[in-house]
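Single-letter residue listing:
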Amino acid sequence: MKLRKRPRLSVNNERCELFGTCQWEAPGLFELERNGRLRYRSRLTEEDWEPAVAAARSCPMQAIQIKGISDE
Ligand code: SF4
């Protein structure tokens, strides 16, 4: 996989059920707060993409989208 310009991550709040699997996979990108909200960093660096993809794959609700990464 290759990074394109400005890779970004987003979470569909309509789908997210706050299971927290993403935090386990990518603690540097996701954080479940005590108030029950999910915080995440949307701008990805090259070091982030592997854990970001792992988090997206592990999300039981398929709520995580990553844009800017290609399979080329
Ligand atoms: S794993 Fe998916 S459903 Fe669970 S908190 Fe993360 S984004 Fe939400």
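Reading the values: rules and limits
- Residues numbered from 1 in each chain as written.
- Predicted model: local features only at pLDDT ≥ 70, side-chain atom pairs only at ≥ 80, totals over all residues.
- Heavy atoms only, no water.
- Salt bridge = Lys/Arg side-chain N within 4 Å of Asp/Glu carboxyl O.
- Buried < 20%, exposed > 50% of the residue type's maximum accessible area, 1.4 Å probe, protein only.
- Helix = DSSP H or I, 4+ residues; strand = E, 2+ residues; numbered from the N terminus.
- Polar contact = N/O pair within 3.5 Å; in protein donor to acceptor, adjacent residues only side chain to side chain.
- Contact = heavy atoms within 4.5 Å.
- Near = heavy atom within 4 Å.
- 1 Å grid on protein atoms, 1.4 Å probe; cavity = no way out; pocket = protein on both sides within 12 Å on 5 of 7 lines; lining within 4 Å.
- Sits in = over half its atoms within 2 Å of the grid points.
- Nonpolar A, V, L, I, M, F, W, Y, C, P; charged D, E, K, R; others polar.
- Points joined across faces, edges and corners; volume = space filled by probe spheres on them.

Under an unreviewed UniProt entry, the name given to the protein is Ferredoxin, and the organism recorded is Amycolatopsis thermoflava.

### Quick notes on the pattern of salt bridges
One pass over the structure, following the stated rule, counts two salt bridges. Between E33 and R39 there is a salt bridge; the shortest N-O distance is 3.5 Å. Classification of E33 by relative accessible area gives partly exposed; the value is 24%. R41 is the partner of D48 in a salt bridge, and the nearest nitrogen-oxygen pair spans 2.9 Å. Residue R41 is classed as partly exposed on the basis of its relative accessible area of 35%.

### As for the side chain of D48
Here D48 shows up in the loop between β3 (38-40) and α2 (49-58). D48 sits in the buried class, given a relative accessible area of 9%. In this structure the side chain of D48 is engaged in a polar contact, spanning 2.9 Å, whose partner is the side chain of R41. A polar contact is formed between the side chain of D48 and the backbone nitrogen of T45, at a distance of 2.8 Å. Residues in contact with D48, not counting those within four places in the same chain, are L29, R41 and R43.

### Some points on the site of the ligand
Neighbouring the ligand are 13 residues; C16, F19, G20, C22 and C59 lie closest to it. Among the cavities detected, the one that contains the ligand is the largest cavity. Classifying every residue of the shell around the ligand by side-chain character gives ten nonpolar, two polar and one charged.

### Notes on empty space enclosed by the protein
Tallied over the full model, the rule gives one cavity of 30 Å³ or more. Along the wall of the largest cavity there are 16 residues; nearest its centre are C16, F19, G20, C22 and C59. Broken down by class, the residue content of the lining of the largest cavity amounts to 13 nonpolar, two polar and one charged.

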